[in-house]
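Analysis of the macromolecular model
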Amino acid sequence: MTTITLYGIPNCDTVKKARTWLAAQQLDFTFHDFKKQGLERATVAAWLQQLPWDVLVNKKGTTWRALSDERKASTIDADSALELMLENPSIIKRPVLDKDGQFSVAFSDAQYKTIFSL
């Protein structure tokens, strides 16, 4: 049995597209709103085992731009990125997909077709 969890925030356009895509494929998934439900350190640490920290940290978003230059400069590795993501979940590039413990970030039709072998 495949377990699928989609992490993100509900008003993000890319998250909406991913949720719509999963529903259209009739895939049973859990949506985890990390603004409302929070994030466990172990969850983010697991993502960082498979995904580069500089892919998970969205440096193009308003949350990153709002950080002080010192905070940006101090985000240099997985450990510092982990702390930043726990403090500021909005900094995480969305959505993060967990399919049976395999993680991917962002969404495109082609990417999800590959992940789900469709």
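Residue indices follow the written sequence of each chain, beginning from 1 at its first position. Reporting in this predicted model follows two pLDDT cut-offs: at least 70 for local features of residues, and 80 or more for side-chain atom pairs to be given and counted; totals over whole chains, interfaces and linings ignore these cut-offs and use all residues. The basis for every side-chain value is the complete set of non-hydrogen atoms in the structure, without hydrogens or water.

Test applied: UniProt positions are given in the numbering used here, feature names are shortened, and annotations may be inferred rather than shown by experiment.
In the annotation of an unreviewed UniProt entry, the protein chain is listed under the name ArsC family reductase and assigned to Janthinobacterium aestuarii. The Sequence similarities (unreviewed entry) field of the UniProt record for the protein chain holds the comment "Belongs to the ArsC family."

**Focus on the pattern of salt bridges**
Quick reminder of the rule: When a carboxyl oxygen of Asp or Glu is within 4 Å of a side-chain nitrogen of Lys or Arg, the pair counts as a salt bridge. Think of it this way: any DSSP run of H or I at least four residues long counts as a helix, any run of E at least two long counts as a strand, and we number them from the N terminus. Only protein chains enter the accessibility calculation, which uses a 1.4 Å probe; a residue whose area is less than 20% of its type maximum is buried, one above 50% is exposed, and one in between is partly exposed.
According to the stated counting rule, one finds four salt bridges in the structure shown. Residue lysine 16 pairs with aspartate 13 through a salt bridge whose shortest N-O separation is 4.0 Å. With lysine 16 and aspartate 13 both in helix 1 (residues 13–24) and three residues apart, the pair spans about one turn of that helix. Assessed through its relative accessible area of 51%, aspartate 13 is described here as exposed. Note that arginine 71 is salt-bridged to glutamate 87, the shortest N-O span being 2.9 Å.

**Remarks on the sheet that holds strand 1 (residues 4–8)**
Strand-to-strand pairing in sheets goes through backbone hydrogen bonds, with the strands running parallel or antiparallel. This is how it is decided: If DSSP finds at least two bridges between two strands, the strands pair. Throughout, an axis means a line fitted to C-alpha atoms (over the contacting stretch in the case of helices), and angles, computed between N-to-C directions, take values from 0 to 180 degrees. Contacts were defined at the residue level, with two residues in contact if any of their heavy atoms lie within 4.5 Å.
The strand order 2-1-3-4 describes an open sheet built from four strands, whose pairing is mixed. Each edge of the open sheet is held by one strand with a lone partner, namely strand 2 (30–33) and strand 4 (102–105). The mean inter-strand angle of the sheet, taken between neighbouring strand axes irrespective of direction, is 20°. For strand 1 and strand 2, the ladder comprises four bridges, and the chain directions are parallel. Within strand 2, the residue paired with glycine 8 across the bridge is aspartate 33. In this fold helix 1 packs onto strand 1 and strand 2, with an angle of close to 160° to the strand it touches most, strand 1. Most of the contacts of helix 2 (residues 41–50) go to strand 4, to which it runs at about 85°, and overall it touches strand 1, strand 3 (96–99) and strand 4.

**Quick word on the side chain of arginine 94**
Using the following cut-off: Here Asp and Glu are counted as negative and Lys and Arg as positive; His is not counted, and neither are the chain ends. Side-chain atoms alone can form a polar contact between residues adjacent in sequence; in general such a contact is a pair of N or O atoms within 3.5 Å, and within protein one must be able to donate a hydrogen while the other accepts it.
If you trace the backbone, arginine 94 turns up in the loop between helix 6 (78–87) and strand 3. Of the side chains with opposite charge, aspartate 33 comes closest to the buried, unpaired arginine 94, at an N-O distance of 8.8 Å. Here the side chain of arginine 94 touches serine 90 through a polar contact of 3.2 Å, landing on its backbone oxygen. When residues no more than four places from it in sequence are discounted, the contact partners of arginine 94 are Gly8, Ile9, Cys12, Thr14, Val15, Phe34 and Ala106.

**Brief notes about the packing of aromatic side chains**
In this description, an aromatic ring pair is defined by two values, namely the gap between the centres and the angle between the planes. Under the convention used in this document: Centres within 6.5 Å are what make two rings of Phe, Tyr or Trp a pair, Trp counting through its six-membered ring; a difference in plane orientation under 30 degrees is then read as stacked, over 60 as edge-to-face, and the rest as tilted.
Under the counting rule described, the total for this entry stands at five aromatic pairs. With a centroid separation of 4.6 Å and an interplanar angle of 80°, the aromatic rings of phenylalanine 107 and tyrosine 112 are classed as edge-to-face. Where tyrosine 112 meets phenylalanine 116, the ring centres are 6.1 Å apart and the plane angle is 55°; that geometry is what we call tilted. Overall, the relative accessible area of 0% leaves tyrosine 112 in the buried class. The exposure class assigned to phenylalanine 116 is buried, which follows from its relative accessible area of 11%. By the ring-pair criterion, three or more aromatic residues cluster together here, those being Trp21, Phe107, Tyr112 and Phe116.

**Quick word on the layout of surface pockets**
In plain terms, the rule: Only protein atoms enter the calculation, which uses a 1 Å grid: trapped sets of points that fit a 1.4 Å probe without letting it out are cavities, open sets showing protein on both sides within 12 Å along at least five of seven lines are pockets, and any residue with an atom within 4 Å of a point is a lining residue. Grid points are joined across faces, edges and corners, and a volume is the space filled by probe spheres set on the points. Put simply, Ala, Val, Leu, Ile, Met, Phe, Trp, Tyr, Cys and Pro go in the nonpolar bin, Asp, Glu, Lys and Arg in the charged bin, and everything else, Gly too, in the polar bin.
Estimated volume of the largest pocket: approximately 270 Å³. In terms of lining residues, the largest pocket is bounded by 16 residues, among which Asn58, Lys60, Gly61, Lys93 and Arg94 are the most central. Partitioned by chemical class, the residues of the lining of the largest pocket number five nonpolar, six polar and five charged.

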